[in-house]
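# Descriptive analysis of the structure
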Amino acid sequence: MTAVPTITTDLVVDLVVPGGPPLPVTSQFSYSTSDPFAVTLRFLVEGDQWVTWIFARELLEHGITSPLGEGDVQIWPGDRDGARCVFLHTRSPHGAATFMLPLTIIVEFLLNTFAAVPSGTESEFLDIDAEIAELRAG
């Protein structure tokens, strides 16, 4: 099988601020066949520092149509000023944040990931021997 380059989508999301207007946050989604079950979402904070979240692609896929997630990442569909959006809530020992993401960009990103690795074929892209070797070496 041929490796596909990492799929990236740059976007600006809105940080929900209780009692105030949302704050724009430069962000980036990425997807790689080297970890075909996961997506990475990075947020640019404090100038040049990135905060990274890695979670299941399936969570993002299903979270755009119904509330999903019980752990550190929760996703649910929503509406903002008459336009459909996606809310994403992150939680860590350092704090919690809720973001509003544009639905159309998320759907386009997901479609690109499914073009690279169709749903249900993720395990075909895993190099089990390499994973075992890495575990033994570590």
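As a reminder, the structure under discussion sits directly above these lines.
Predicted, not measured: the structure shown is a model, and the values here were computed from it.

## A short note on unusual backbone geometry
In this structure, Glu46 is a non-glycine residue whose phi angle is positive, near 50°. Assignment of secondary structure puts Glu46 in the loop between β3 (38-45) and β4 (49-56). Residue Glu46 is classed as exposed on the basis of its relative accessible area, which comes to 74%. Backbone geometry at Asp81 places phi at a positive 55°, although glycine is not the residue there. Along the polypeptide, Asp81 turns up in the loop between β5 (73-80) and β6 (83-92).

## Concerning the sheet that holds β3
The seven strands are arranged β4-β3-β2-β1-β7-β6-β5 in an open sheet whose pairing can be described as antiparallel. Unpaired on one side and paired on the other, β4 and β5 mark the two borders of the sheet. Here the average twist between neighbouring strands, direction ignored, is 30°. The pairing of β5 with β6 spans eight bridges and is antiparallel. Residue pairing for β6: Pro77 is matched across the bridge by Val86.

## Notes on the packing of aromatic side chains
Scanning the model with the defined rule gives three aromatic pairs in all. Arranged with centres 4.1 Å apart and planes meeting at 10°, the rings of Phe43 and Phe99 form a pair that is stacked. Residue Phe43 is found in strand β3, and its partner Phe99 is found in strand β7 (residues 95-102); the two are separated by 56 residues along the sequence. The cationic tip of Arg42 hangs over the ring face of Trp50; the distance from NZ or CZ to the ring centre is 4.0 Å.

Rules of the game
- Residues numbered from 1 in each chain as written.
- Predicted model: local features only at pLDDT ≥ 70, side-chain atom pairs only at ≥ 80, totals over all residues.
- Heavy atoms only, no water.
- Helix = DSSP H or I, 4+ residues; strand = E, 2+ residues; numbered from the N terminus.
- Buried < 20%, exposed > 50% of the residue type's maximum accessible area, 1.4 Å probe, protein only.
- Pairing = 2+ DSSP bridges.
- Axes fitted to C-alpha atoms, helices over the stretch in contact; angles between N-to-C directions.
- Phe/Tyr/Trp six-rings, centres within 6.5 Å; stacked < 30°, edge-to-face > 60°.
- Lys NZ or Arg CZ within 6 Å of the ring centre and 35° of its normal.

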